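As a plain string of letters, each chain reads:
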Amino acid sequence: MGQFRNNHIRIALVGHSAMVRELLAHNINEQEDMSVVREMGEVDAASVATLDAEMVIVDPASMDGSVLHAIALVKLLKPRVKVVALSAQNDPDSFLSTVQAGVDAYIIKDRPLDQLMQSLRAVQSGFCIFDCALFTSAVKRMFGKSSTDCNADISQRLDVAGLSARERDVAHLLAKGLSNKDIATALGISISTTKTHVSRVFERLGVSSRREMLPKLYRLSDSPGFGDD
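This text gives an overview of the structure that appears in the document.

What about the pairing of strand β2 (residues 34-40)?
So, step 1. Pairing of strand β1 (residues 9-14) with β2, which is carried by six bridges, proceeds in the parallel orientation. Within β2, the position partnered with Leu-13 by the bridge is Glu-39.
So, step 2. In this fold, the crossover linking β1 to β2 by way of helix α1 (residues 18-29) has right-handed handedness.

Pasting the structure below:
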């Protein structure tokens, strides 16, 4: 991931314990291209309105459950600010909640420091970063089924969305967390063709990113015709 480089990234830390904030701030400030410019235990409209940062890193387990409100508030008032959930919890429910709130990344804290910093750079460059194992667990939790049944359930939900056969193939791989490059390889198509299909899938599902896709698929269970014989 060494290709991800940005102009200086100004970062705000929200909700982490004082000890974690101190360590995280130290590690971030050691980087030449990023620094911590603000630390907040709580978030309200006034604090977000004066936020002078390109990225906010939140702890999903902190702030007595108000972290979801904080994420939504940042995305509402500062839509260009990237929001990263940095968690010690490998919890599918927490993952789904923060994805629905609008995070751009959900990263487990135990990854090596250099990988964490490269992930932050990737997010700032426009990529969504989600822990693969947690992503898979979250899909299974959403549908409450085994891996095989979960795949069949996703396919049925995609049928409801009115996607073409190729768009369903692409959407199914997107739902598994594959990148555009991996999808292109799996389907034997070019990157440009893959990007076209991804754009069409997003358009048909009425979403604009991968992070919006799983919640939308889940809501498709309420769509007319879903589950009908």
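Structural notes on the packing of helix α9 (residues 180-187) against helix α10 (residues 191-205)
So, step 1. The N-to-C vectors of α9 and α10 enclose an angle of 110 degrees; their axes lie 9 Å apart at closest approach. By the angle between their directions, the pair α9 and α10 is classed as roughly perpendicular. Of the residues in α10, those in contact with Asn-180, Lys-181, Ile-183 and Ala-184 of α9 are Ile-191, Thr-194, Lys-195 and Val-198.
So, step 2. Among the residues forming the contact of α9 with α10, the class breakdown is four nonpolar, two polar and two charged.

Quick look at the nonpolar core
So, step 1. Counting residues in hydrophobic clusters, the biggest one holds 27 residues, and the most contacted among them are Val-56, Val-58 and Phe-95.
So, step 2. The set of elements that each furnish at least two residues to this core consists of β1, β3 (55-58), α3 (67-77), β4 (82-87), α4 (92-101), β5 (105-108) and α6 (132-143).
So, step 3. Broken down by element, the residue count for this core peaks at five residues, all from α3.
So, step 4. Core analysis: the second largest hydrophobic core is formed by 20 residues, Ile-11, Leu-24, Ile-28 and Ile-129 among them.

What about the packing of α3 against α4?
For any two helices packed against each other, one specifies the crossing angle of their axes together with the interaxial distance.
So, step 1. Direction vectors running N to C along α3 and α4 enclose 25 degrees, while the axes themselves pass 8 Å from each other. Taken as axis vectors, α3 and α4 run roughly parallel relative to one another. Here α3 and α4 pass one another in a crossing that is right-handed. The residues of α4 that touch α3, namely those facing Leu-68, Ile-71 and Ala-72, are Ser-97, Thr-98 and Ala-101.

Remarks on the pattern of salt bridges
So, step 1. This model, assessed by the stated rule, comprises seven salt bridges.
So, step 2. Measuring nitrogen to oxygen at the nearest pair gives 3.9 Å for the salt bridge that ties Asp-59 to Lys-109. Of this pair, Asp-59 sits in the loop between β3 and α3 while Lys-109 is found in the loop between β5 and α5 (113-124), placing the two residues 50 residues apart along the sequence.
So, step 3. Look at Asp-59 and you get buried, because its relative accessible area is 10%.
So, step 4. Across the salt bridge formed by Asp-104 and Lys-75, the nearest N and O atoms sit 2.7 Å from each other. Residue Asp-104 is found in the loop between α4 and β5, and its partner Lys-75 is found in helix α3; the two are separated by 29 residues along the sequence.

Section: the layout of surface pockets
So, step 1. Taken as a whole, the second largest pocket encloses approximately 180 Å³ of empty space.
So, step 2. What lines the second largest pocket is Val-20, Leu-23, Leu-24, Asn-27, Leu-86, Lys-109, Arg-111, Leu-113 and Leu-116.
So, step 3. Listed by contribution, the elements that provide at least two residues to the lining of the second largest pocket are α1 and α5.
So, step 4. With four residues, the single largest contributor to the lining of the second largest pocket is α1.

Describing the sheet that holds β1
Backbone hydrogen bonds hold the strands of a sheet together, and the pairing may be parallel or antiparallel.
So, step 1. Strand order in the open sheet formed by six strands is β2-β1-β3-β4-β5-β6, and the pairing between neighbours is parallel. Two strands lie at the open edges of the sheet, namely β2 and β6 (129-130), each paired on one side alone.
So, step 2. As judged from the four bridges shared by β3 and β4, these two strands associate in the parallel manner. Across the sheet, the residue bridging to Val-58 is Ala-85, located in β4.
So, step 3. Each of β3 and β4 touches α3; the most contacted strand, β4, lies at about 160 degrees to it.

Reading guide: rules and limits
- Residues numbered from 1 in each chain as written.
- Predicted model: local features only at pLDDT ≥ 70, side-chain atom pairs only at ≥ 80, totals over all residues.
- Heavy atoms only, no water.
- Pairing = 2+ DSSP bridges.
- Helix = DSSP H or I, 4+ residues; strand = E, 2+ residues; numbered from the N terminus.
- Right-handed = clockwise from strand over helix to strand, strands pointing away.
- Axes fitted to C-alpha atoms, helices over the stretch in contact; angles between N-to-C directions.
- Parallel < 35°, antiparallel > 145°, perpendicular 65-115°, else oblique.
- Contact = heavy atoms within 4.5 Å.
- Nonpolar A, V, L, I, M, F, W, Y, C, P; charged D, E, K, R; others polar.
- Core = buried A, V, L, I, M, F, W, Y, C linked by side-chain atoms within 4.5 Å.
- Buried < 20%, exposed > 50% of the residue type's maximum accessible area, 1.4 Å probe, protein only.
- Left-handed = near helix turned anticlockwise from the far one by under 90°.
- Salt bridge = Lys/Arg side-chain N within 4 Å of Asp/Glu carboxyl O.
- 1 Å grid on protein atoms, 1.4 Å probe; cavity = no way out; pocket = protein on both sides within 12 Å on 5 of 7 lines; lining within 4 Å.
- Points joined across faces, edges and corners; volume = space filled by probe spheres on them.

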